[in-house]
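In case you want the letters, here they are:
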Amino acid sequence: MATQATATVTANARRGFSFLQIAITLQTLTIFLQAVSAGLLLTSSYGETLHSVGARVMYGASMLYVLAAVLAWKPGGGSARPIWHASGFLVLASVQVVLGIAHVPSVHLPLGVLMFGLSVLALARR
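Residues numbered from 1 in each chain as written. Predicted model: local features only at pLDDT ≥ 70, side-chain atom pairs only at ≥ 80, totals over all residues. Heavy atoms only, no water.

Student: Requested: an account of the overall build of the protein chain, with residues and values cited.
Tutor: A tally of regular secondary structure across the protein chain gives four helices and zero strands. Its helices and strands taken in sequence order, the protein chain reads α-α-α-α from the N to the C terminus. In the form shown here, the protein chain has an accessible surface area of approximately 7,800 Å², with 73% of it arising from carbon and sulfur atoms. (Helix = DSSP H or I, 4+ residues; strand = E, 2+ residues; numbered from the N terminus. Areas by Shrake-Rupley, 256 points an atom, 1.4 Å probe, with all protein chains shown as cover.)

Student: Hey, could you go over the environment of Thr30 for me, with residue numbers and the actual values?
Tutor: Mapping Thr30 onto the fold places it in helix 1 (residues 2-43). Remark: the alpha-carbon pair of Thr30 and Ser62, spanning 32 residues in sequence, is separated by 9.4 Å. Residues in contact with Thr30, not counting those within four places in the same chain, are Val57, Met58 and Ala61. (Contact = heavy atoms within 4.5 Å.)

Student: Outline the side chain of Gln27, listing residues and values.
Tutor: Along the chain, the position of Gln27 falls in helix 1. Owing to a relative accessible area of 0%, Gln27 belongs among the buried residues under this scheme. Here the side chain of Gln27 touches Ser62 through a polar contact of 3.4 Å, side chain to side chain. (Buried < 20%, exposed > 50% of the residue type's maximum accessible area, 1.4 Å probe, protein only. Polar contact = N/O pair within 3.5 Å; in protein donor to acceptor, adjacent residues only side chain to side chain.)

Student: So what about unusual backbone geometry? Which residues, and what values?
Tutor: Leaving glycine aside, a negative phi is the common case for residues, and trans is the common case for peptide bonds. In this structure, His103 is a non-glycine residue whose phi angle is positive, near 55 degrees. With respect to the helices, strands and loops of the structure, His103 is situated in the loop between helix 3 (81-101) and helix 4 (105-125). What makes His103 exposed here is its relative accessible area of 65%.

Student: How would you explain the environment of Trp73 if you had to name every residue and give the values?
Tutor: Here Trp73 is to be found in helix 2 (residues 47-76). Between the C-alpha atoms of Trp73 and Ile83, which are ten residues apart in sequence, the distance is 7.9 Å. Those residues within four positions of Trp73 in sequence are excluded, and the remaining contacts are Gly78, Ser79, Ala80 and Ile83.

Student: Now, about the packing of aromatic side chains: what can you tell me, with residues and values included?
Tutor: The geometry of an aromatic ring pair comes down to the distance between the two centres and the angle between the two planes. Going through the model one piece at a time under the given rule, you end up with two aromatic pairs. Geometrically, the ring pair formed by Tyr65 and Phe89 is tilted, given 5.7 Å between the ring centres and 55 degrees between the ring planes. Here Tyr65 is found in helix 2, whereas its partner Phe89 is found in helix 3, with 24 residues between them in sequence. A single burial state applies to Tyr65 and to Phe89, both of which are buried. (Phe/Tyr/Trp six-rings, centres within 6.5 Å; stacked < 30°, edge-to-face > 60°.)

Here is the structure:
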């Protein structure tokens, strides 16, 4: 009976881990695509629309990362550190959106690079 409960917790933890890994991968990919669309923003007429839509998708991916971190933590009762990391990304994404709307590229661009680097680091840790 105890072995079955342990197996269920382990299976749930694995499922949460894979969802967390997918969420981090999606976030990393969307941040990278934002860099690509920023280049298109400078060179094409549709770049602004693509970058704007991409910002919404990236923000959604950051929210998904928070959800995945909470779901991965809850069943296993492990460390809440991934939740703090995911929440930090959501705060950075919020600042990034505000800076983009305010047209402050001197901070918006370096913050985007920092977010991409941190997202790749989080992905490598998983």
